[in-house]
Amino acid sequence: MAMSLLSPRKSIAETVFQKVGGYYNGSGHRRCSDGCMDEDGTMELVQIGAERTKNVLILMSDTGGGHRASAEAIRDAFQSEFGDEYRIFVKDVWKEYTGWPLNDMERSYKFMVRHVQLWKVAFHSTSPRWIHSVYLAAIAAYYAKEVEAGLMEYKPDIIISVHPLMQHIPLWVLKWQGLQKKVVFVTVITDLNTCHRTWFHPGVSRCYCPSEEVAKRSLLDGLEESQVRVFGLPIRPSFCRAVLSKDDLRVELEMDPHLPAVLLMGGGEGMGPVKKTALALGESLLDEGSGKPMGQLIVICGRNKVLASTLEAVDWKIPVKVKGFQTQMEKWMGACDCIITKAGPGTIAEALIRGLPIILNDYIPGQEKGNVPYVVDNGAGVFTRSSKETARLVAEWFSTKTEELKRMSENALKLAQPNAVFDIVKDIHELACQRGPLANIPYMLTSSFTSII
């Protein structure tokens, strides 16, 4: 059976700006090998059997490492739980299909977080709905056609957004095509406690919140309770699976089997006061009386090769391992007793799963600010920007305040949500089943878009 849909005749720009006070819908034009273009501009698509593999499109952007990490965690969980029942695509549709400024978000974001006050202004000034609605409507008037092309490339049965700017325009496209109630569209919020209001769109099938605080914000921004689920932050399935014991991990990673270990991280790019903190730890973890080390230090420098070579050249008096970018952080966390990091949501969630007390040494204004009280108020860690204070705290935890370290570890485990990613994909699967035979979704490609804009 073939289906066709007449191209909308109403001006898209007119429609977009009529929707500025709320949310939008849109359409575009792209030829496809699964159908043929009629003279009146409609596209006929041959329906495929209901037993086919379902397509899941995960929309993300590399504005910070957390969005891609969450997307890949969801992809891996789908594959683990459902095998080849789903075909998963993790894509930055903005970068691949649109123009400036959407295709330049990664570079723009990195520039702004390096000039942190600039990012702070951008985050808070775009928070009011009327401001970001106008901004997104203007962008949609130019790029909805390209976004539609991106969606048509993968013909998704399910769309998962893990980025705050990837709700509005794709939902507009779906609504324009009459598919909003046929395609499952969900948002997985990847900010742990404080998040931008663009995360919340009442047109989604489900909004997965990592904490009760975020869930409360979603209700204030117009979502219904039936749309909201609080499962936690999606973390790679490898963190949920059983790993080797701490002793076995230390043997595998060639660490000292007896000394307590602190893990110092600077994110994927090795940013922040990593060098200063490492040098301070090198002094504080050396017992002045005996001249023997009280602990060992693991430094993850990420992609910062200059930092790694600088630290490798230091004449350390305690056991120190300097590592570059790592893909098995669950092992390094499992082998250590506490962690020092900035307040990135993914790293915090992973550390909680491993029961690591956390010393937060920095945060990005806006989305990471609320992560500090989330950790500190729940007794899972402390916050200080002072490298000397950080080194003093670790030395005390490894010597005179071991009970405090143990208590924080217990609190971290209580706060952890290791099964969040599995809960999310199972709920999405249930939503998909409720929609019936997803293969009957008639993806139509409108030809009127080019002539209208």
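Residue indices begin from 1 for each chain and proceed along its sequence in written order. Where local features are concerned, this predicted model is filtered to residues with pLDDT of at least 70; where side-chain atom pairs are given and counted, the filter is 80 or more; whole-chain, interface and lining totals use all residues. With hydrogens and water set aside, each side-chain value is computed from the structure's full complement of heavy atoms.

## Some details on the pairing of strand β12 (residues 320-323)
No. 1: For two strands to pair, DSSP has to find at least two bridges joining them. Numbering goes from the N terminus for both helices and strands, where a helix is a DSSP run of H or I of at least four residues and a strand is a run of E of at least two. Relative to β12, strand β11 (residues 296-300) is paired through 4 bridges, and the arrangement is parallel. Across the sheet, residue Leu297 finds its bridge partner in β12, namely Val320.
No. 2: Each parallel crossover has a hand, and the one from β11 via helix α11 (residues 305-312) to β12 is right-handed. Viewed with both strands pointing away, a crossover whose connecting path from the first strand over the helix to the second turns clockwise is right-handed.

## Describing the sheet that holds strand β13 (residues 338-341)
No. 1: Taken together, 6 strands build an open sheet; the order of strands is β12-β11-β10-β13-β14-β15 and the sheet is parallel. Each edge of the open sheet carries a strand with a single partner, namely β12 and β15 (381-383). Sheet twist, expressed as the average angle between the axes of neighbouring strands with direction ignored, equals 15°.
No. 2: Against the sheet, helix α13 (residues 345-353) contacts β10 (261-265), β13 and β14 (358-360), and its axis sits at roughly 160° relative to β14. To obtain an axis, a line is fitted to C-alpha atoms, over the contacting stretch when the element is a helix, and the angle between two such axes runs from 0 to 180 degrees between their N-to-C directions. The contact definition used throughout considers only heavy atoms, calling two residues in contact when any of these lie within 4.5 Å.

## What to know about the environment of Asp157
No. 1: Among the structural elements, Asp157 can be located in the loop between α6 (129-154) and β6 (158-161).
No. 2: Relative accessibility thresholds used throughout: buried, under 20% of the residue-type maximum; exposed, over 50%; partly exposed, between the two (1.4 Å probe, protein chains only). Since its relative accessible area comes to 1%, Asp157 is described here as buried.
No. 3: In this structure the C-alpha to C-alpha distance between Asp157 and Val56, which are 101 residues apart in sequence, comes to 6.1 Å.
No. 4: By the criterion applied in these results, polar contacts are pairs of N or O atoms within 3.5 Å in which, for protein atoms, one can donate a hydrogen and the other can accept it, and in which residues neighboring in sequence qualify only through two side-chain atoms. Among the polar contacts listed, one links the side chain of Asp157 to the backbone nitrogen of Asn55, at a separation of 2.8 Å.

## Comments concerning the nonpolar core
No. 1: Membership of the largest hydrophobic core comes to 40 residues, with the highest contact counts inside it found for Trp94, Ile189 and Phe200.
No. 2: Elements that contribute at least two residues to this core include exactly β4 (54-59), α3 (93-97), α6, α7 (168-176), β8 (206-209) and α8 (212-220).
No. 3: With 10 residues, the top contributor of residues to this core is α6.
No. 4: We define a nonpolar core as any set of buried Ala, Val, Leu, Ile, Met, Phe, Trp, Tyr and Cys residues linked to one another through side-chain atoms lying within 4.5 Å. If you look at the next biggest cluster of nonpolar residues, it comprises 35 residues, including Phe239, Ile300, Met333 and Ile339.

## Digging into the pairing of strand β7 (residues 184-188)
No. 1: The buried count for β7 comes to 5 of 5 residues, which makes it a mostly enclosed element.
No. 2: A two-sided burial pattern is seen for β7, the buried positions comprising Val184, Val186 and Val188 on one face and Phe185 and Thr187 on the other.
No. 3: Sheet topology places β6 next to β7; 4 bridges connect them, and they run parallel. Within β7, the position partnered with Ile158 by the bridge is Val184.
No. 4: A crossover links β6 with its parallel partner β7, the connecting element being α7, and its sense is right-handed.

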